Amino acid sequence: MKNKMRIGVFVCECGSNIAGSLDCEAVRDYAAGLPDVVCSVVNKYTCAEPGQQEIQKYIKEYDLNRVVVASCSPRMHEPTFRNCVAEAGLNPYLMDMANIREHCSWAHLDNWDGATEKAKDIVKVSVARTRYLRPQEETQLPVIKEVLVVGGGVAGIQASLDLADAGYQVNLVEKEASIGGLMAALDKTYPTMDCSI
Amino acid sequence: MEEVDYLCMRCGNEYRGPFDKLVPVERSCPKCNSNSIRRNKKKKKNPTASA
Amino acid sequence: MMDVGRHSKINLLTYSEIENIGGYIGNFQVTVRKKARYVDEKECNACAECEKVCPVVAADEFQEGFSSRKAIYMPFPQAVPSVYILDDKDCLGHNPIACGKCADVCEKNCIDFDMKDEIINLNVGAVITATGMDVYDPTEMDEYGYTQYENVVTSMEFERLISAGGPTEGHFIRPTDRKTPKRIAFIQCVGSRSNSPIGNPYCSNICCMNTIKDSLLLMDHYPGTEITVFYIDIRAFGKGFEDLFQRSKQAGVKYIRGLPGEIFEDPKTKNLTMLVEDTVANSVTDFEFDLVVLSVGVIPRRDSDLIQRLLTLSRTTDGFFMESHPKLKPVDAPTGGVFLAGCAESPKDVKDSVTQASAAAARAQILLNAGKINVEAITSQVLTDFCTGCQVCVKVCPFHAITGGDAKLKIPVEVVEAACQGCGTCAAECNFDALLMKHFEDEQIMSQIDAITGENAADKVVAFACNWCSYGGADLAGLSRMQYPTSQRVIKTMCSGRVDSKFVLHAFENGAPIVLVSGCHYADCHYIDANRWTVKRVDKLWDKMERLGIRPERLQLEWISAAEGQKWANTMKDLEKMREQVTQEEIEHAMSVLKEDREKAEAKKKKKAEKKTPVKEIPIEASA
């Protein structure tokens, strides 16, 4: 390898969502001892503005080339942290998330030691993985400026009209011979007590 | 559809279930609902053997 | 409704069904079958001459069967498009041509018995799923005697009976004697909030307010009607709802907390009697009514399976389509570029449907306005030096994104990057490590396995989970605070199809007691059918483990959807029990036989490779 790995670990407390069921400081200290980890930090809310600024600050200060965010599920905040590291000049694919909330603190609410040990392990796995990450370039694809709306009930009608009024071509597909759906069969509708059609 | 022998790798339940080579069907144990289901080929070779 | 028919930007395809949807966010290819309605949509001016001469009488679906229509008919007076339709199942003239009266009288010649279904191909950037709901059918609930007693009707039938456009032109009558009923009962939660196998456990959301509305309509049209509503709870939670509830009570509608156990019909008067325990007053009373309205709940559309498969959507345990996130992304479907609106997502009233539809339209516009979309750099890449051209990957790719390759001529395959969706099945199936799955490379996943099994391997369960379903299921288990043992360590892949046999074997060789491979249910697989290859691989692994004297049970397979948090938690509990039973001896035996097996295979490969020229690998650099 050309340059040395410089990994930064950011452990999120998520208020008490993580810190309430496991020892975030212990996780931070453990991560600090892992090979090539040059800084390890605890944040109250890593996803909040101050938390993100801290990541960016450390990337510059320590010249980090890999980042591990130990917080919630990547299904939740991966885009957030990818953007965050990208703003600091790091390729977004060199950031990895260690899920110590959904997969750890929330699943082991009354097992402080067990959850803490598991969180350390999860961070260790993520740190190991980041060493092998490569920068990636995302491709851009064009979006066809047309929409398909499936179903011509009240929701389908409203969505079609909104999109059509916004200037987009709408294709509204309805199974029955007329649009209207179940709503068309209703006499009056609440709360206004007026006609539905 | 063809029926074959299955063995649940979770609870050990043996059962017969559908098998289609072209349109695979999701296998799940009728007893414990696990999807760890293996074709029970031993049984095929020796149909008299019981569980 | 009229606006939709007139709007220049709306291409309205009624009497049409989606046959197929391919592609991805920003670029979906849609095939629509426009069924033959045997009436020219552009020409028909709804003059109604055809209907007058049609000799066929059929039940009118729109009027809930209370009145009849002809074989050629207008679905309902305000239908959009305002065009007749000929029902080929009822029509005499269609096959064989025996009647044809309608065609004779049609001045514009728009009736065409030979009309064929039309296939229309569309290209769209976004899809809004607004497939709606169906209404619960209470026929199976014997205790209420629906279909057995004519004077027991559903709330949908009530709508037609009270409607000015209904079969009785708004004269509210009961079916048996066509007299206006004086004593009417509404029974709430029919098919909802029920633990019975023929009911649904969820609240249908709209029925309380619908009954309150119905009671006010009745009190308005027929003052003095005695209305009694039997309920479990009245849920009047929306803006202006409580006000309507109070108005209904002030108008004299009686609300009794308690549901009847059974309804009986007086054979002479056809009146209905029931015994109800009032759980507020703590009393049991006998009631007699002229008409009973069953306030029926809402169910997912009975044909939801089709749209679920076409758009690779997921459904929650209640059967409605699952949103991307229950709080933060309530109108996005988990599939990119697909949005949910209305009752397809959950039971809701008109206002909520309109709100969600506008939200879905706005979400879709964000995508369309941008005009382009960033695609995650998770695609497959061929390492041409390693590729033998054997074409195994070509065979397994669900998207036909790998082409070419010739084993005899030693021509490597090629990946069409725009078509590759990144499931990684090719990389898992390749015997020569010639495919590099970006961001889910062998080394990356192997390093995760090494880290997990580096210390106290015997205490851990290595769990592979796919990004879309099982990883989401694990997230949901946490989100729902379901508690399970701490032994599991998750390795995320985009699809279970990515889980290479060597990953599983490597985990066992490193001393893992239990390995789980988990992914989407067959119907949910986000890569069409990539997880079928997972099954084949696991089957082979079980065989191999048995051959080597390793208990195959130590490898587990599970399909866990993003809605099945409970299944994830239960699986983790099961696996922990199984882990406790794996002995240290077993673990060590597996470690040694797998090491031996691997070294043998590697030696063989090396011998082969020595005959060829050495190959290049792509080095990983610390800095980008």
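Use the structure listed above.
About the criteria used
- Residues numbered from 1 in each chain as written.
- Chains lettered and ligands numbered in written order.
- Predicted model: local features only at pLDDT ≥ 70, side-chain atom pairs only at ≥ 80, totals over all residues.
- Heavy atoms only, no water.
- Axes fitted to C-alpha atoms, helices over the stretch in contact; angles between N-to-C directions.
- Helix = DSSP H or I, 4+ residues; strand = E, 2+ residues; numbered from the N terminus.
- Parallel < 35°, antiparallel > 145°, perpendicular 65-115°, else oblique.
- Contact = heavy atoms within 4.5 Å.
- Nonpolar A, V, L, I, M, F, W, Y, C, P; charged D, E, K, R; others polar.
- Buried < 20%, exposed > 50% of the residue type's maximum accessible area, 1.4 Å probe, protein only.
- Arc of directions from axis to C-beta.
- Salt bridge = Lys/Arg side-chain N within 4 Å of Asp/Glu carboxyl O.
- Buried area = accessible area lost by both parts, 1.4 Å probe.
- Polar contact = N/O pair within 3.5 Å; in protein donor to acceptor, adjacent residues only side chain to side chain.
- Pairing = 2+ DSSP bridges.

Points about the packing of helix H13 (residues 501-509) of chain C against helix H16 (residues 584-610) of chain C
Pairs of packed helices are described in terms of their axes, by the angle between the two and the distance that separates them.
Residue and element names in this part refer to chain C.
Working step 1: Between H13 and H16, the shortest axis-to-axis distance is 8 Å and the interhelical angle comes to 135 degrees. As far as their axial angle goes, H16 and H13 are oblique. Along the contact surface, H13 presents Leu-505, Phe-508 and Glu-509, while H16 presents Met-591, Leu-594, Lys-595 and Arg-598.
Working step 2: The class makeup of the residues in the contact of H13 with H16 is 4 nonpolar, no polar and 3 charged.

Thoughts on helix H1 (residues 24-32) of chain A
Residue and element names in this part refer to chain A.
Working step 1: All of the buried residues in H1 are Cys-24, Val-27 and Ala-31. Mapping the buried residues of H1 onto a view down its axis gives an arc of 60 degrees, with all of them on the same face.
Working step 2: Those residues of H1 hidden inside the fold are in contact with strand S1 (7-12), strand S2 (37-43) and helix H5 (112-130).

Examining the pattern of salt bridges
Working step 1: Enumeration over the complete set of coordinates arrives at 59 salt bridges over all chains.
Working step 2: For the salt bridge of Asp-539 of chain C with Arg-27 of chain B, the shortest nitrogen-to-oxygen distance reads 3.2 Å. Highlighted residues: Asp-539 of chain C in helix H14 (residues 530-547) and Arg-27 of chain B in the loop between strand S2 (14-19) and strand S3 (37-39), drawn from two different chains. Across this residue pair, the class does not change: Asp-539 of chain C and Arg-27 of chain B are buried.
Working step 3: Members of the salt-bridge network, linked through shared partners, are Arg-10 of chain B together with Glu-558, Lys-567 and Asp-574 of chain C.

Some details on the interface of chain C and chain B
Working step 1: Listed by partner, the interface residues are 20 residues for chain C and 14 residues for chain B.
Working step 2: Here chain C packs against chain B, burying approximately 1,400 Å² in sum over the two surfaces, 42% of which is carbon and sulfur.
Working step 3: The largest share of the area that chain C buries against chain B comes from Tyr-522, Trp-542 and Glu-558 of chain C, three residues that together contribute 31% of it.
Working step 4: Joining chain C to chain B, the criterion identifies 5 salt bridges.
Working step 5: One can count 15 residue pairs in polar contact (both at pLDDT 80 or more) joining chain C with chain B.
Working step 6: Those elements that place two or more of their residues in the side of chain C that touches chain B are H14, strand S29 (555-559) and helix H15 (565-581) of chain C.

A closer look at the sheet that holds strand S11 (residues 152-154) of chain C
Note on sheets: strands pair through backbone hydrogen bonds, and any given pair is parallel or antiparallel.
Residues and elements named next belong to chain C.
Working step 1: Read from one edge of the open sheet, 5 strands run S11-S18-S12-S13-S14, paired in parallel fashion. Each edge of the open sheet is held by one strand with a lone partner, namely S11 and strand S14 (254-257). Taken pair by pair, the neighbouring strands of this sheet meet at an average axis angle of 25 degrees, ignoring direction.
Working step 2: Pairing between strand S13 (residues 226-231) and S14: 4 bridges, direction parallel. Paired with Thr-228 across the strands is Lys-254, a residue of S14.
Working step 3: Helix-sheet contacts for helix H5 (residues 207-221) involve strand S12 (183-190), S13, S14 and strand S18 (291-296), and the interaxial angle to S12 is about 170 degrees.

Examining the interface of chain C and chain A
Working step 1: With 126 residues of chain C at the interface, the matching set in chain A holds 96 residues.
Working step 2: Roughly 9,600 Å² is buried in total at the junction of chain C and chain A, and carbon and sulfur atoms are behind 61% of that figure.
Working step 3: The interface formed by chain C and chain A includes 7 salt bridges.
Working step 4: Across the salt bridge formed by Arg-134 of chain A and Glu-441 of chain C, the nearest N and O atoms sit 2.5 Å from each other.
Working step 5: The interface formed by chain C and chain A includes 57 residue pairs in polar contact (both at pLDDT 80 or more).
Working step 6: Ranked by the residues each element gives to the side of chain C that touches chain A, the list is headed by helix H8 (residues 350-370) of chain C, at 11 residues.
Working step 7: For the side of chain C that touches chain A, the per-class residue count stands at 67 nonpolar, 34 polar and 25 charged.
Working step 8: Here 4 bridges tie strand S5 (residues 139-142) of chain A to strand S21 (residues 372-375) of chain C, and the two strands are oriented antiparallel to one another. Across the sheet, residue Leu-141 of chain A finds its bridge partner in S21 of chain C, namely Ile-373 of chain C.

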